[in-house]
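Survey of secondary and tertiary structure
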Amino acid sequence: MSSSKKLHRITLQPIGAVLEAEEGTPLRDLLFEQGVEFPCGGQGRCRGCKVRVLQGHVSVNAAQREHLSEEELAQGWRLACQSRLEDDLVIELRQWDATILVNDAAFAFTPGEGLGIAVDVGTTTVVAQLLDLEKGYVLGVKTALNPQARYGADVMSRVNYAVAEGGADRLTELIRHEVGRLIHQLFTSSQADAARLRKITLVGNTVMHHLFCGIDLEPLSHTPFEPVNDGMQVFRGSELGWNLPADPVVRFLPCLGGFVGSDLLAGIMATGMHQSDELSVLMDLGTNGEILLGNREHILCASTAAGPAFEGARISMGMRAATGAIWRVTATDHRLDVQVLGNAQPRGICGSGLVDAVAAGLELRLIRPT
Ligand code: FES
């Protein structure tokens with residue numbers, strides 16, 4: 001049955017993209033793909049999803065009245081997470097255009113048969129590599145934003161959306177679909193034969209593991225944050241909705257603890273710290289930050305939701321290290337100098353800028369110990 005809802009046209013500035021969507025569509029769904037961030041998961045509390053309506057009408061609700069000033073509202077600022085499409089629009093985005101870093105360096109391996117895909121399911125980004133298991137070549141790398149991020153920037157926001165708001169199935173569907181899309185992109189761009197694909201291996205933190213595998217997150221929503229099912233999960237591609245010729249086996253590697261996932265396990269294997277006599281430290285400074293200390297006898301680990309700190313996400317002018325972020329602040333001749341990523345107009349301040357700003361403030365005695 002065809003939908004009878006009216007279609008509206010949305011023009012996004014300055015990127016010039018034009019979208020069409022049905023009346024009533026949440027702006028969050030439309031704008032996430034364009035780089036708008038939703039740090040508080042769309043709760044209307046953080047102002048992180050502010051966009052400016054240049055033409056057209058977007059209604060103002062109570063949350064927007066509470067968090068935006070009269071002046072901001074009059075200038076057309078709206079919280080995208082609190083708005084729905086009700087008119088043709090021209091919107092100015094605070095777009096996120098940071099590059100996702102990847103590495104296609106050679107790796108140590110035991111020769112196997114056919115092709116394999118390794119996927120790092122990050123809280124913010126997803127990276128997939130296509131590998132020739134016979135020769136050890138990296139045949140291609142594809143990256144994407146984790147589409148779950150529209151429901152919260154950090155793992156605890158995701159847990160909250162899944163448990164308190166009943167969104168677990170939606171988050172599972174989004175990440176499985178996105179990984180499937182990256183797999184197809186890998187074969188399209190490399191022109192490798194998908195029939196040779198033998199296995200797909202995924203790593204990620206414990207919340208990503210549970211959400212991908214469809215495991216209940218409730219035990220991770222309260223102390224003692226102990227997962228009940230954090231072991232390796234095995235699927236066939238077809239069970240995940242992926243249409244791949246050889247229906248390869250898909251493994252999500254086991255987690256190490258409450259918020260320490262198999263991405264760290266992969267780090268241990270890659271560095272060999274578990275075989276070393278010397279004490280060493282391994283840090284993963286991701287949105288979910290983890291740190292390991294140990295050697296062949298014993299390894300200790302701890303984790304925290306680091307993204308909000310490093311990326312400034314819950315600070316009123318905080319933002320990721322993207323174009324327009326103040327990333328360095330120095331004290332020169334009794335004044336503050338700033339450097340902005342991309343030589344653009346400053347839009348906010350990222351984690352390194354915040355640390356620098358405090359150091360410079362102390363140096364200039366603008367900040368004093370209390
Ligand atoms: S206010 Fe919209 S995501 Fe936080």
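Residues numbered from 1 in each chain as written. Predicted model: local features only at pLDDT ≥ 70, side-chain atom pairs only at ≥ 80, totals over all residues. Heavy atoms only, no water.

**So, the overall build of the protein**
Heads up, the rule is: Secondary structure elements follow DSSP: runs of H or I of four or more residues count as helices, runs of E of two or more count as strands, with numbering from the N terminus. Every radius of gyration here is taken over C-alpha atoms, with the globule rule written as 2.2 Å times N^0.38, N being the number of residues. Relative accessibility decides the category of a residue: with a 1.4 Å probe and only protein chains considered, values under 20% of the type maximum give buried, values over 50% give exposed, and everything between is partly exposed. The contact criterion used throughout is that any non-hydrogen atoms of two residues lie within 4.5 Å. To measure how exposed things are, a 1.4 Å probe is used in the Shrake-Rupley method; for residues, cover is taken only from the protein chains shown.
When its secondary structure is counted, the protein shows 9 helices and 17 strands. The C-alpha radius of gyration computed for the protein amounts to 22 Å, which stays within 12% of the reference 21 Å derived for 370 residues, consistent with globular compactness. Over its C-alpha atoms, taken along the principal directions, the protein stretches across nearly 65 × 60 × 40 Å. Here the protein holds 370 residues, and the buried ones make up 45% of them. Taking contacts inside the protein between residues at least 6 apart in sequence as the whole, the part at least 24 apart equals 56%. Total accessible area on the protein stands at roughly 18800 Å², and carbon and sulfur atoms take up 51% of it.

**Thoughts on the confidence of the model for the protein**
Defined as follows: Confidence of the predictor at the level of single residues is captured by pLDDT, which takes values from 0 to 100.
Mean pLDDT over the protein: 87, with 92% of residues reaching 70 or higher. Across the protein, the secondary-structure element scoring lowest on mean pLDDT is helix α8 (residues 307-310), at 66, and the one scoring highest is strand β11 (residues 249-252), at 98.

**Topic: the domain arrangement of the protein**
Where we set the bar: Just so you know, the domain bounds were taken from an automatic or database domain assignment.
Splitting the protein by domain gives domain 1 (7-92), domain 2 (115-278) and domain 3 (315-363). Here domain 2 and domain 3 have C-alpha centroids that lie 34 Å from each other.

**Points about the side chain of Gln 64**
Topologically, Gln 64 is positioned in helix α2 (residues 62-67). Each residue touching Gln 64, except ones within four places of it in the same chain, is listed here: Ser 59, Leu 73, Arg 78, Leu 79, Gln 82 and Ser 83.

**Re the pattern of salt bridges**
Note the threshold: Within this document, salt bridges are pairs made up of a side-chain nitrogen of Lys or Arg and a carboxyl oxygen of Asp or Glu, the two lying within 4 Å of each other.
This model, assessed by the stated rule, comprises 9 salt bridges. Close ionic contact of Lys 50 with Glu 72 constitutes a salt bridge, the shortest N to O distance being 3.0 Å. Of this pair, Lys 50 sits in strand β3 (residues 50-55) while Glu 72 sits in helix α3 (residues 70-74), placing them 22 residues apart in sequence. Here Lys 50 matches Glu 72 in class, with each residue buried. Here Asp 337 ties to Arg 335 by a salt bridge, and the two come within 2.9 Å at their closest N and O atoms. Residue classification places Asp 337 among the partly exposed positions, given a relative accessible area of 25%. Residues joined in a network through salt bridges with shared partners are Arg 47, Lys 50 and Glu 72.

**Here's the deal with the nonpolar core**
Rules: Only buried residues count toward a nonpolar core. Its members are Ala, Val, Leu, Ile, Met, Phe, Trp, Tyr and Cys residues joined through side-chain atoms within 4.5 Å.
Counting 40 residues, the largest nonpolar core has Ile 200 and Phe 212 as its most contacted members. For this core, the elements supplying multiple residues, two or more each, are β6 (115-121), β7 (125-132), α4 (155-163), α5 (168-190), β9 (197-204), α6 (206-213) and β11. Element by element, the count of residues in this core is highest for α5, at 8 residues. Those residues in contact with Ile 200, other than ones at most four positions away along the chain, are Ile 117, Val 119, Ile 183, Trp 242, Leu 244, Pro 248, Val 249, Val 250 and Arg 251.

**What to know about the sheet that holds strand β1 (residues 7-13)**
Here is the rule we go by: At least two DSSP bridges between two strands are needed for those strands to be called paired. To get an axis, a line is fitted to the C-alpha atoms, and for a helix only the part in contact is used. The angle between two axes follows their N-to-C directions and goes from 0 to 180 degrees.
Here we have 5 strands laid out as an open sheet, ordered β2-β1-β5-β3-β4, and mixed in their pairing. What marks the edges here is a single partner per strand, and that holds for β2 (17-22) and β4 (77-79). Direction aside, the axes of adjacent strands within the sheet are offset by 35° on average. Two strands pair when backbone bridges link them, and β3 and β4 are joined in this way by 3 bridges, in the antiparallel orientation. By the bridge assignment for β4, Val 51 is matched with Arg 78.

**Observations regarding helix α7 (residues 262-271)**
Considered for burial, the residues of α7 that qualify are Ser 262, Asp 263, Leu 264, Gly 267 and Ile 268. Its buried side turned inward, α7 meets β6, β9, β11, β12 (280-285), β13 (289-294) and β14 (299-304).

**Some points on the environment of Glu 22**
Secondary-structure assignment places Glu 22 in strand β2. In this structure the C-alpha to C-alpha distance between Glu 22 and Asn 146, which are 124 residues apart in sequence, comes to 24 Å.

**Comments concerning the side chain of Arg 150**
Spelled out, the test is: We define a polar contact as two N or O atoms separated by no more than 3.5 Å, with the added condition that, inside protein, one atom must be a possible hydrogen donor and the other a possible acceptor, whereas residues neighbouring each other in sequence contribute only through side-chain atom pairs.
Inspection of the secondary structure assignment puts Arg 150 in the loop between β8 (138-145) and α4. A polar side-chain atom of Arg 150 sits 3.1 Å from the main-chain carbonyl oxygen of Pro 147. Not counting residues within four places of it along the chain, the set of residues in contact with Arg 150 comprises Arg 28, Asp 29, Phe 32, Glu 33, Phe 38, Gly 41, Gly 42, Arg 170 and Leu 174.

**Notes on the environment of Arg 158**
You can see Arg 158 is positioned in helix α4. Placed 151 residues apart in sequence, Arg 158 and Leu 7 show a C-alpha to C-alpha distance of 31 Å. Other than its neighbours up to four places away in sequence, Arg 158 contacts Thr 123, Asn 146, Gln 148, Ala 149, Tyr 151, Gly 152, Ala 153, Leu 171, Val 207, Met 208 and Leu 211. Separated by 2.6 Å, the side chain of Arg 158 and the backbone oxygen of Gly 152 make a polar contact.

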